[in-house]
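Single-letter residue listing:
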Amino acid sequence: MIKVLVVDYHPIVREGLKLLFELDPDIEVVGTVGTGIEIFEFIRRYPVDVIISEIDLPELNGITALRAIKKEHEKVKVIMFSYHPEEIYAISTIKAGASAYILKTVDTQTIREAIIKVHNGEIYLSANMEKHLHFNDTRNSKSKLYKRLSTREVEVLKLLSTGKKNKEIALELDINEKTVSTYKARLFKKLNVTNLVDLIHQAEHLGTI
């Protein structure tokens, strides 16, 4: 039986996934939590094979939590389950340690297939993202963007978009404040903007946040 922890800030999503696998012979939802911090409290106390987690979480965002999980619990597989465009976030989260990226618009069978696949040690991506990887298609602006932005740059961009200051971002990501400034400067250059307001607008336009 694959033991799954569901992490999402919406109670309806947590309850929905729990009910989905209630009678499943291979998968059991052993718990649900609503914040990034609660993930660690749970997996330190209970055995978990696979975590299904949203990116946008209170207290600690999903990508930051993902990095920490993989450091502390290397064998635990993580599926990022979000509404954010996969062209931007799929590759970034896989690089950060996730085993899968699935959109919240997928059908229930896809969720089940992803859980089983990652539990068996494989990476799960949609057919669309597999094409990006295999054929290096950069014609679409979003495709170009995800290749240009590093995982950490995407992470910093998301935190900037929530209104957090450099010092707050440094604390959350456990990096130097000067390093945050460096990432910020790189984002300005890569997205061709000169100020924070335009940076956020550009990111929103391209579907990055």
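Structural data are supplied above this passage.
Residues numbered from 1 in each chain as written. Predicted model: local features only at pLDDT ≥ 70, side-chain atom pairs only at ≥ 80, totals over all residues. Heavy atoms only, no water.

**Student:** Could you give me a rundown of the pattern of salt bridges, with the residues and numbers involved?
**Tutor:** Taken as a whole and judged by the stated rule, the model has eleven salt bridges. Across the pair Lys158 and Asp56 runs a salt bridge, and its minimum N-O distance is 2.9 Å. Of this pair, Lys158 sits in helix 8 (residues 151-161) while Asp56 sits in the loop between strand 3 (50-53) and helix 3 (62-72), and the two are 102 residues apart along the sequence. (Salt bridge = Lys/Arg side-chain N within 4 Å of Asp/Glu carboxyl O. Helix = DSSP H or I, 4+ residues; strand = E, 2+ residues; numbered from the N terminus.)

**Student:** Outline the layout of surface pockets, listing residues and values.
**Tutor:** Gaps between atoms show up when a probe of the same size as a water molecule is rolled over them. Here the largest pocket is characterised by a volume of approximately 190 Å³. Lining the largest pocket, in full, are Leu60, Thr64, Arg67, Ala68, Lys71, Ala96, Arg152, Glu172, Leu173 and Asp174. The set of elements that each furnish at least two residues to the lining of the largest pocket consists of helix 3 and helix 9 (166-173). Counting residues per element, the lining of the largest pocket draws most heavily on helix 3, at four residues. Considered class by class, the residues forming the lining of the largest pocket number four nonpolar, one polar and five charged. (1 Å grid on protein atoms, 1.4 Å probe; cavity = no way out; pocket = protein on both sides within 12 Å on 5 of 7 lines; lining within 4 Å. Points joined across faces, edges and corners; volume = space filled by probe spheres on them. Nonpolar A, V, L, I, M, F, W, Y, C, P; charged D, E, K, R; others polar.)

**Student:** Explain unusual backbone geometry to me, and be specific about the residues and the numbers.
**Tutor:** One non-glycine residue with positive phi stands out, namely Glu59, at about 75 degrees. Here Glu59 is to be found in the loop between strand 3 and helix 3. A relative accessible area of 56% places Glu59 in the exposed class. Despite not being glycine, Asp174 has its phi angle at roughly 60 degrees, a positive value. Within the secondary structure layout, Asp174 lies in the loop between helix 9 and helix 10 (177-190). (Buried < 20%, exposed > 50% of the residue type's maximum accessible area, 1.4 Å probe, protein only.)

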